[in-house]
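The residues making up each chain are set out below.
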Amino acid sequence: MVKLSISALLLCATNLVAGHGYLKSIVVNGQTYMAWQVGQDDYVTPTPERYARKLADNGPVPDFTTKDITCGRGGNIPAARSIELKAGDKVEFVWDQWNSAHSGPVFTYIAQCTNNDCKTFKGDTGNVWVKIDQLAYNPSANPPWASDFLRERGAKWSVVVPPGLAPGEYLLRHEVLGLHVAGTRMGAQFYPSCTHIRVTQGGSTKLPSGIALPGSYNPDDKDGILVELWRINQGQVNYTAPGGPVWSGAAPNANRPGP
Ligand SMILES: *[C@@H]1O[C@H](CO)[C@@H](O)[C@H](O)[C@H]1NC(C)=O
C-alpha cells in the first residue's frame, strides 16, 4: 500500500516537470477568466467555478487515440461557467508557462454544444470540431515553429471567434502539439484544453462539419504526427499539421500570418 502511494506521488512529480504547461486563464475584452488551476483546484472545497474543463496535470495526453484527446486528461467534466462574448471578439489563451523546447504547431478548434448546452456536451463523438486557428512551421519566420512563437510571446495565444457566428454555447479547444519525440510511434505530445463560451450576439453562420476527436489524429500520420522534427527543420520533408485545414469562415490568424 505504502509503496503504491509513493509511486503514485512520483508519477505526479514526473507529470509536473518544468517545460510542460497548461491553460491558466482566458482574457476576453480586458477581463480575465480562470481556467482549472492544475495542482490547486483539486484540493479546494467547494470546487472552484472555472471557465475551462479540468485538467489532471500539465503533461500531454498519454494516449491521443482515446477520449482524453477531446478536452485533455481530467475526465472531460463540464466547466461551471461560460465566458459571455460576441462573435468576432478576440479570445486570449494564457498558459501558466511555455518554456519548453517542444516545437510543433498550435491549433484552436470550436464545437457547438448540442442544444446550446455545454453542461451536457462532451464533444467526444461525431465530426464536431471545426478548426479556426492554426500555425505550424514557417521556415522564413522567426521562430519557425508556432509553439516556439507561443513561448516568445510569453505563453499567450489569441484567436478570434468567427465573425457572424450564430449565438449559442460553444467549446473552444485550444491545443499545442509537441513534436520533439514524435519520431517514435505515439510519441507526439498533444496539450489540449476546452473553454466554455456563450456567444450572446452574432450572425446566422452555422459551423460546418469538422473532425472527430478522438478519431482524426492517426498515430501513423507521417505528414503531421509520426514525424522526425530534425528532418523537417533541415527541409528534408514538408510538414502538414493534423486535423485538416482551417475553416474558410474563420477570421485571419490573430498571432501572425501562416503557415
Ligand atoms: C516541400 O514543398 C515545396 C512547396 O510545395 C516543394 O517545392 C518541395 O519540393 C517540398 N519538399 C519536399 C522535401 O517534399
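Below is a summary of the structure that appears in this document. The shown structure was predicted, so the numbers you read here are calculated from the model rather than taken from an experiment.

### Brief notes about the sheet that holds strand β7 (residues 156-160)
Backbone hydrogen bonds are what pair the strands of a sheet, in a parallel or an antiparallel way. With antiparallel pairing, four strands are arranged side by side in an open sheet as β2-β1-β4-β7. Looking at which strands have only one partner, the edges of the open sheet turn out to be β2 (31-34) and β7. Adjacent strand axes in the sheet meet at a mean angle of 25 degrees, parallel and antiparallel pairs treated alike. Bridge count between strand β1 (residues 23-28) and strand β4 (residues 90-95): five bridges; the pairing is antiparallel. Bridge pairing in β4 links Ile26 to Phe93.

### Thoughts on the environment of Arg198
Residue position: Arg198 is located in strand β9 (residues 189-201). The class for Arg198 is partly exposed, based on a relative accessible area of 29%. As for Arg198 and Ser158, which are separated by 40 residues in sequence, their C-alpha atoms are 17 Å apart. Excluding anything up to four places from it in sequence, Arg198 contacts Ser82, Ile83, Glu84, Leu85, Gly168 and Glu169.

### Notes on the packing of aromatic side chains
Considering all chains together, one arrives at nine aromatic pairs under this definition. Here the aromatic rings of Phe107 and Tyr109 are separated by 6.0 Å at their centres, their planes lie at 55 degrees, and the arrangement is tilted. Every member of this aromatic cluster is reached through a ring pair, and the members are Phe64, Phe190 and Tyr217. Above the plane of the ring of Trp157 lies Arg153, whose end atom (NZ or CZ) is 5.8 Å from the centre. Here the guanidinium or amino end of Arg256 rests over the ring plane of Phe149, the centre of that ring lying 4.4 Å away.

### A short note on the pattern of salt bridges
A complete count under the given rule lists 13 salt bridges for this structure. Linking Glu169 and Arg198 is a salt bridge whose minimum nitrogen-to-oxygen distance equals 3.0 Å. With Glu169 in strand β8 (residues 168-178) and Arg198 in strand β9, this pair connects stretches of sequence that are 29 residues apart. Judged by its relative accessible area of 10%, Glu169 is buried. For Arg185, the salt bridge goes to Asp220, with nearest N and O atoms at 2.7 Å. Taken together, the residues span a long stretch of sequence, with Arg185 in the loop between β8 and β9 and Asp220 in the loop between β9 and α4 (229-233) at a distance of 35 residues. In this structure Arg185 comes out as partly exposed when scored by relative accessible area, which is 47%. Among the charged side chains, a salt-bridge network with shared partners connects Glu84, Glu169 and Arg198.

Cut-offs and rules
- Residues numbered from 1 in each chain as written.
- Predicted model: local features only at pLDDT ≥ 70, side-chain atom pairs only at ≥ 80, totals over all residues.
- Heavy atoms only, no water.
- Pairing = 2+ DSSP bridges.
- Helix = DSSP H or I, 4+ residues; strand = E, 2+ residues; numbered from the N terminus.
- Axes fitted to C-alpha atoms, helices over the stretch in contact; angles between N-to-C directions.
- Buried < 20%, exposed > 50% of the residue type's maximum accessible area, 1.4 Å probe, protein only.
- Contact = heavy atoms within 4.5 Å.
- Phe/Tyr/Trp six-rings, centres within 6.5 Å; stacked < 30°, edge-to-face > 60°.
- Lys NZ or Arg CZ within 6 Å of the ring centre and 35° of its normal.
- Salt bridge = Lys/Arg side-chain N within 4 Å of Asp/Glu carboxyl O.

None of this, on its own, says anything about what the molecule does.
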